[in-house]
Amino acid sequence: MKPDLFEAPDYYNLDELLTDEHKLVRDAAREWVKRDVSPIIEDYAQRAEFPKQIIKGLADIGAFGPYIPEEYGGAGLDQISYGLIMQEIERGDSGVRSTASVQSSLVMYPIYKYGNEEQRKKYLPKLASGEWMGSFGLTEPDHGSNPGGMTTNFKDMGDHYLLNGAKMWISNAPFCNVAVVWAKNEEGRIHGLIVERGMEGFTTPETHNKWSLRASATGELIFDNVKVPKENLLPNKSGLGAPLGCLDSARFGIAWGAIGAAMDCYDTALRYSKERMQFGKPIGQFQLQQKKLAEMITEITKAQLLAWKLGVMRNNGTATSAQISMAKRNNVDMAINIAREARQMLGGMGISGDYSIMRHSMNLESVITYEGTHDIHLLITGLDITGLNAFK
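None of the values given here were measured: they were computed from a predicted structure.

**Here we look at the overall build of the protein chain**
Point 1. Helix and strand counts for the protein chain stand at 10 helices and nine strands.
Point 2. Taking 2.2 N^0.38 as the reference for a compact globule, 392 residues should give roughly 21 Å; the C-alpha atoms of the protein chain span a radius of gyration of 21 Å, in line with that estimate.
Point 3. In terms of overall dimensions, the protein chain has a C-alpha envelope of 80 × 45 × 40 Å along the principal axes.
Point 4. Taken across its 392 residues, the protein chain has 55% of its residues classed as buried.
Point 5. Of all intrachain contacts in the protein chain linking residues separated by at least 6 positions in sequence, the fraction that spans at least 24 positions is 75%.
Point 6. Taken as a whole, the protein chain presents about 16,900 Å² of accessible surface, with 51% of it coming from carbon and sulfur.
Point 7. The centroid of the 42 positive side-chain charges in the protein chain is displaced by 3 Å from the centroid of its 48 negative side-chain charges.

So, in structure tokens, the structure goes:
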């Protein structure tokens, strides 16, 4: 078991932009990752198993709903703190960050924003503590980039709703206690429903044979005439804008998280370049390797600035969905390219589980696709700058 020697790059002294609280939150998450995630994550990824024992640690560092008010069990932190926590967790593993992102932005966020006071008090404290885990049901077998085409539906049966349909590629599904599920009513309007494990007809089969996010639990949500109590409908927002608002929060977290994966690949490659000898000198002395490293730190620095500014705008309520979309696309693209370059620098060792790079590279193939694909985010930016809709 190799020690975690990670040192975070900060080429532009961006720590000067952070408050003392930001740095305390980040450093606590960083130390937790070094202690509780790095030593075990390669083994769990090889076994394609989620390490459930880390759930309490995630809760302890405030990874579940960090921006949710303390009265509901959250940490009451700002958006930059949320981003920094996601950065540090994804530095450890994208799959572990996915678990935290889903819990925070796709389960706790909609209950807090779109739910009523009874729902907030019932669910949020247990989700914040990790006693309950949640999942988010939007993507369907035939509707990925076009969520508005969903066929999952519910009917008003008088004293309850009857829910039918299926969702797939759902993080946390195999062990979730609750699922925030998006479905159409009889008029075709999209609403959010809180579905609880144990409701008859609700099953969550696990997805196997993944080459990516192997240390994350992925599954399906299947609803076969599930009776959902009427008090489980999220009352304060409906329409496609409701789940998309959740995705804004999740995409913001991904924009930060991808930086963590990139930093880990860069740090690994930098350290290796100083230790690996070829032709009588360390490979870091060769021009082509220095070119790779110089480009990596440049792109990481640009991504850090983009994420920090987006965090400032999220804090003051001015960030647009299109701006969040740009950061998600840019930063994940940056990270996956750095992972590929870093893998080359390590040569054959780059594919080994002795190093984190290949695992990051495989994970990022999912991150570049979920919560809006690379191409879809380009079209969102295109729509925003031209006013012309390529989706129609």
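Back to the write-up after that little detour.
**Some remarks on the environment of V96**
Point 1. Its place among the elements puts V96 in helix α4 (residues 94–114).
Point 2. V96 sits 130 residues away from V226 along the chain, and the two C-alpha atoms are 30 Å apart.
Point 3. Not counting residues within four places of it along the chain, the set of residues in contact with V96 comprises I41, I54, L58 and I89.

**Some details on the layout of surface pockets**
Point 1. By volume, the largest pocket amounts to about 1,200 Å³.
Point 2. What lines the largest pocket is a set of 38 residues, and nearest its centre among them are T139, G144, Y370, E371 and G372.
Point 3. For the lining of the largest pocket, the secondary structure elements donating two or more residues are α4, β3 (160–171), α6 (241–275), α8 (321–345) and α10 (374–386).
Point 4. Ranked by the residues each element gives to the lining of the largest pocket, the list is headed by α6, at six residues.

**Observations concerning the UniProt feature "domain: Acyl-CoA dehydrogenase/oxidase C-terminal" (unreviewed entry) in the protein chain**
Point 1. In the numbering used here, UniProt assigns the "domain: Acyl-CoA dehydrogenase/oxidase C-terminal" (unreviewed entry) feature to residues 238–380.
Point 2. Here residues 238–380 runs as 75% helix and 3% strand, with 22 Å between its end C-alpha atoms.

**Describing helix α5 (residues 117–128)**
Point 1. Here α5 spans 16 Å end to end across 12 residues, near enough to the 16 Å set by a 1.5 Å rise per residue.
Point 2. On the buried face of α5, the contacting elements are α2 (55–60), α4, β1 (134–137), β4 (178–184) and β5 (190–196).

**Brief notes about the UniProt feature "domain: Acyl-CoA oxidase/dehydrogenase middle" (unreviewed entry) in the protein chain**
Point 1. The UniProt feature table records "domain: Acyl-CoA oxidase/dehydrogenase middle" (unreviewed entry) at residues 135–226.
Point 2. Across residues 135–226, the secondary structure splits into 0% helix and 48% strand, with the terminal C-alpha atoms separated by 17 Å.

**A word on the domain arrangement of the protein chain**
Point 1. Once the domains are mapped, the protein chain shows domain 1 (14–129), domain 2 (134–239) and domain 3 (241–386).
Point 2. The C-alpha centroid of domain 2 is placed 23 Å from the C-alpha centroid of domain 1.
Point 3. Across the boundary between the two partners, domain 1 contributes 30 residues, which contact 23 residues of domain 2.
Point 4. Across the domain 1 to domain 2 interface the summed buried area is about 2,100 Å²; carbon plus sulfur atoms make up 64%.
Point 5. Ranking the residues of domain 1 by area buried against domain 2 places Y114, Q119 and Y123 at the top, with a combined share of 27%.
Point 6. Notably, a salt bridge pairs K122 with E196, separated by 3.1 Å at the nearest N-O pair.

**Some points on the packing of aromatic side chains**
Point 1. Counted under the stated rule, the structure contains 14 aromatic pairs.
Point 2. Arranged with centres 6.4 Å apart and planes meeting at 65°, the rings of F252 and W256 form a pair that is edge-to-face. Here F252 and its partner W256 are both found in helix α6, four residues apart, which amounts to about one turn of the helix.
Point 3. Residue classification places F252 among the buried positions, given a relative accessible area of 0%.
Point 4. With relative accessibility at 4%, the residue W256 sits in the buried group.
Point 5. Plain terms: the ring middles of Y272 and Y355 are 5.9 Å apart, the flat faces sit at 90° to each other, and that makes the pair edge-to-face. Residue Y272 is found in helix α6, and its partner Y355 is found in the loop between α8 and α9 (357–367); the two are separated by 83 residues along the sequence.
Point 6. On the basis of relative accessibility, which here comes to 9%, the residue Y272 falls in the buried class.
Point 7. Among the aromatic side chains, those forming a connected cluster through ring pairs are Y67, Y82, Y109, Y114, F136, W182, F252 and W256.
Point 8. Lying over the aromatic face of Y44, R47 brings its terminal NZ or CZ to 4.4 Å of the ring centre.

**Focus: unusual backbone geometry**
Point 1. The backbone phi angle of N172 is positive, close to 75°, even though this residue is not glycine.
Point 2. By secondary structure assignment, the location of N172 is in the loop between β3 and β4.
Point 3. One non-glycine residue, E371, lies in the positive phi region at around 60°.
Point 4. The class of E371 is buried, set by a relative accessible area of 16%.

Basis of the calculations
- Residues numbered from 1 in each chain as written.
- Predicted model: local features only at pLDDT ≥ 70, side-chain atom pairs only at ≥ 80, totals over all residues.
- Heavy atoms only, no water.
- Helix = DSSP H or I, 4+ residues; strand = E, 2+ residues; numbered from the N terminus.
- Rg over C-alpha atoms; globule rule 2.2 N^0.38 Å.
- Buried < 20%, exposed > 50% of the residue type's maximum accessible area, 1.4 Å probe, protein only.
- Contact = heavy atoms within 4.5 Å.
- Areas by Shrake-Rupley, 256 points an atom, 1.4 Å probe, with all protein chains shown as cover.
- Lys, Arg positive; Asp, Glu negative; His and termini not counted.
- Charge placed at Lys NZ, Arg CZ, Asp CG, Glu CD.
- 1 Å grid on protein atoms, 1.4 Å probe; cavity = no way out; pocket = protein on both sides within 12 Å on 5 of 7 lines; lining within 4 Å.
- Points joined across faces, edges and corners; volume = space filled by probe spheres on them.
- UniProt positions renumbered as here; feature names shortened; annotations may be inferred.
- Expected span 1.5 Å × (residues − 1).
- Domains from an automatic or database assignment.
- Buried area = accessible area lost by both parts, 1.4 Å probe.
- Salt bridge = Lys/Arg side-chain N within 4 Å of Asp/Glu carboxyl O.
- Phe/Tyr/Trp six-rings, centres within 6.5 Å; stacked < 30°, edge-to-face > 60°.
- Lys NZ or Arg CZ within 6 Å of the ring centre and 35° of its normal.

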